[in-house]
Each structure stands twice: as C-alpha cells, then as structure tokens.
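Analysis of the macromolecular model
Given next are the chains, with one letter for each unit.
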Amino acid sequence: LSAADADEVPVGAPVCVFCARGAHPVCGRLIPVSPGCWAHVNCAMWSSEVFEKEAGVLYNMPSAVRRSVKKRCAHCHLPGASVGCFHKKCLAAYHFACARSLGCAYTPDDGRSTWCPLHAPPKAITPLPVRVSRSVAVNRSLRLHRADEGEAQQAAAAESVLLQVGQLKVLRLGRPQPARPQFHERHQIFPLGYTARRRFHDLARLPPATCEYSCKVGEHAGLPSFVIAHPTEPGLCFKSSTATGAWHALVNRRARVHGVRPLNLTPAQMQLEGALFFGLAVPAVAQLIEQLPGAKSCEGFH
C-alpha cells in the first residue's frame, strides 16, 4: 500500500475509507458504508471493531472508521489502519492488504481475531483469506454526516448533505424539476441549485498548482445553466447549457494557458467527463439525487 496507489484511482471513482484504494483484488469489492463513503469488503470485515450480529450484516462500522482515521499502519505508516492485533499489550494496527502481505494471522474459532506476526498463537492461520463470495452489507442504521451541525438539521433536508468522493465535494443536492423535462435526461437528473466543488488544475497559476472550482446548476432563460467558476478569478468562469459544454470550455482554456495537448475524446466520452466533473454521474451522488423528492416523477428518467 502506498500513496501512489491512491493517486492512480480515476477522479470521481469510489475509494475505500480505510486504505484509500479503488477496486483491488486482495481487498475485495467495494461496498457502500454511507452516502459517498465506501469500504472494501475485507477492509471492513477484518476491522477490529466490526462484527456480524446476523450473517452478512456488519455492525459498528462508525467506530472502526473513526479510529482508523487517527491510526497509522505499522507496515506502510499511512493512516486508515483498522486491522489490529488482539494481544492485550500490542498497539499495532494495519490496513488489510498490509496485514496480509506482512504475514498477520487469524484464529477462526473465536470470530475474526487477528494477530501480528510477533504475537500470533500456535493455532493461528495464515494468510488472511481474501475470497468473500457471500452477500455482505453494512448495517444501514448508521447516522450520516451532514453539512449542517445539530441533530434536528442533520435529519432535516437532503440539500444539506456534504459528501466527498475523491476530489469532489458535494455541498448541496438541489431540487429535481419533474415538470421541466430540460432538467433531466434518460439517465441523469440536473437538480436546480445543485452545488459542488471539484479540485482541478489552477488556471491562474503555473502547474502543478490546483484549486477547488465551484460547480453549480442554475437556470437561464428557462434552461439549465451549468457553471464552473474559479475560487478567486472572476474571469475564469465557464458557463453552458450542458455540463459537457462548461467542462469542455474549462479544459480547452487549460490547453491554451498551460500548453497541454487538447483531449481527443468522442462526443459520448465528453458527455460522461462533463457529468463526472460536476459529480452528477458519480454513482454515490446519483443515488442520493434519485432519492430526492420529485426525482421519481421526472418523465423519461430511468
């Protein structure tokens, strides 16, 4: 495990809350923990705090996530370590992939107790198994993190949801417009008021500087207006009636300013890239938008 592994994950793709990797053969498939938060099935199942009250349902994930943020892996020294040694005096913790590569062991007769190489009992088994063919899900009674503080506000409105997926931060989900077909397509909804921030190359500075651009869905002359705006330079504001148009204007300006080669994409690829930049095509975001009031009534949306 290394920081380079996390950097190779495509922008907008889900990553594990523990090891910060995307899809990985050792860590297993990614399962949703909460909106915008994912975990590899093995990273979750082998976390010291996590247990199964009933088969296939993982409990106590919030505790595991909170501890892992502050715990560095004894092998790679990066944060997110959640697989601990069950020896009472051992403080070592690992990412699942690190624990497996280092030779950590487990004792299957007492749940999923894991042991570092130094403290593994004679009956312990290595390596940690990776194949999980059965259905596994996180207990859905988790309290989700909202942008607004306070218990009442946290439960109040989906518009105040704050979630982060890679370089994307969604600040507001907005409101679907079911009676206005121009605000949705067959596979996407463009909620009025949707607001996000996306980290991208800073066009006001030399590479490799980056900054967070605001991405908003507004309205102009009855049509959706997609706006990408630089945080401090009013002249770096890109508007279009489509997400693709605004994104294309941004990357074309970057090609001129930074002297990079323009992207050579098909129209379908450009359409997807534009939607991904705004976050509208990111699965975790799309799932939340589909749950908003009025989303199911958008004619033609599937």
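Once a new chain begins, its residue numbering starts again from 1 and follows that chain's sequence as written. Selection of residues for local features in this predicted model requires a pLDDT of at least 70, selection of side-chain atom pairs for listing and counting requires 80 or more, and totals for whole chains, interfaces and linings are taken over all residues. Each side-chain value is worked out from all heavy atoms of the structure, with water and hydrogens disregarded.

Turning our eyes to something else, we now look at unusual backbone geometry. With omega at -5°, the peptide bond leading from Thr126 into Pro127 counts as cis. Under the DSSP-based scheme used, a helix requires at least four consecutive residues in state H or I and a strand at least two consecutive residues in state E, with every element numbered from the N terminus. Topologically, Pro127 is positioned in the loop between β8 (113-115) and β9 (137-138). Geometrically, the link from Pro207 to Pro208 is a cis peptide bond, its omega value of 10° lying close to zero. One non-glycine residue, His77, lies in positive phi territory at about 70°. On the secondary structure map, His77 appears in the loop between α3 (61-70) and β5 (83-84). Residue classification places His77 among the exposed positions, given a relative accessible area of 52%. Exposure categories follow from relative accessible area, calculated using a 1.4 Å probe and restricted to protein chains: below 20% of the type maximum is buried, above 50% is exposed, and the middle band is partly exposed.

Take the pairing of strand β11 (residues 168-172) next. Judged from the 3 bridges that link them, strand β10 (residues 163-165) and β11 form a sheet pairing that is antiparallel. Its bridge partner being in β11, Leu163 is matched across the sheet by Val170. The hairpin formed by β10 and β11 contains 2 residues between the paired strands, and Gly166 there has a positive phi angle of roughly 60°. By the convention used here, strands pair only if DSSP detects at least 2 bridges between them.

Attention now goes to the sheet that holds strand β15 (residues 237-240). On the basis of which strands lie adjacent, the open sheet formed by 6 strands has the order β10-β11-β12-β13-β14-β15 and antiparallel pairing. Bordering the open sheet on either side are β10 and β15, each of which pairs with just one other strand. Each strand axis lies, on average, 25° off the axis of its neighbour in the sheet, ignoring direction. Where β11 and strand β12 (residues 195-201) come together, 4 bridges link them in antiparallel fashion. Note on β12: the bridge partner recorded for Arg172 is Thr195. Should any heavy atoms of two residues lie within 4.5 Å, those residues are counted as being in contact. Lines fitted to C-alpha atoms define the axes, with helix axes restricted to the stretch in contact, and inter-axis angles between N-to-C directions lie between 0 and 180 degrees. Contacting β12, β13 (210-220), β14 (223-229) and β15, helix α6 (residues 243-258) runs over the sheet at an angle of about 145° to β15.

Relative to the helices and strands, Gly193 resides in the loop between β11 and β12. On the basis of relative accessibility, which here comes to 28%, the residue Gly193 falls in the partly exposed class. Each C-alpha atom of the pair Gly193 and Pro176 lies 9.1 Å from the other, and the pair is 17 residues apart in sequence.

Before going further, it helps to examine the pairing of strand β2 (residues 37-40). Burial along β2 is two-sided: the residues Cys37 and Ala39 and Trp38 and His40 are all buried. Sheet topology note: the strand β1 (residues 30-34)/β2 ladder contains 4 bridges and is antiparallel. In the strand pairing of β2, Leu30 is matched with His40.

Moving on to the nonpolar core. Inside soluble globular proteins, nonpolar side chains tend to come together where they are buried. Residues belong to a common nonpolar core when they are buried Ala, Val, Leu, Ile, Met, Phe, Trp, Tyr or Cys residues joined through side-chain atoms within 4.5 Å. Counting 41 residues, the largest nonpolar core has Phe18, Met61 and Tyr94 as the members making the most contacts within it. Secondary-structure elements contributing two or more residues to this core are β1, β2, α2 (41-45), α3, β6 (93-94), α4 (96-102) and β7 (105-107). Once you skip the residues sitting within four places of it in the chain, Phe18 turns out to touch Ala39, Cys43, Ala44, Ser47, Met61, Ala64, Val65, Ser68, Pro79, Gly80, Ser82 and His95. By size, the runner-up hydrophobic cluster in this structure holds 37 residues, among which are Tyr213, Leu250, Met270 and Val282.

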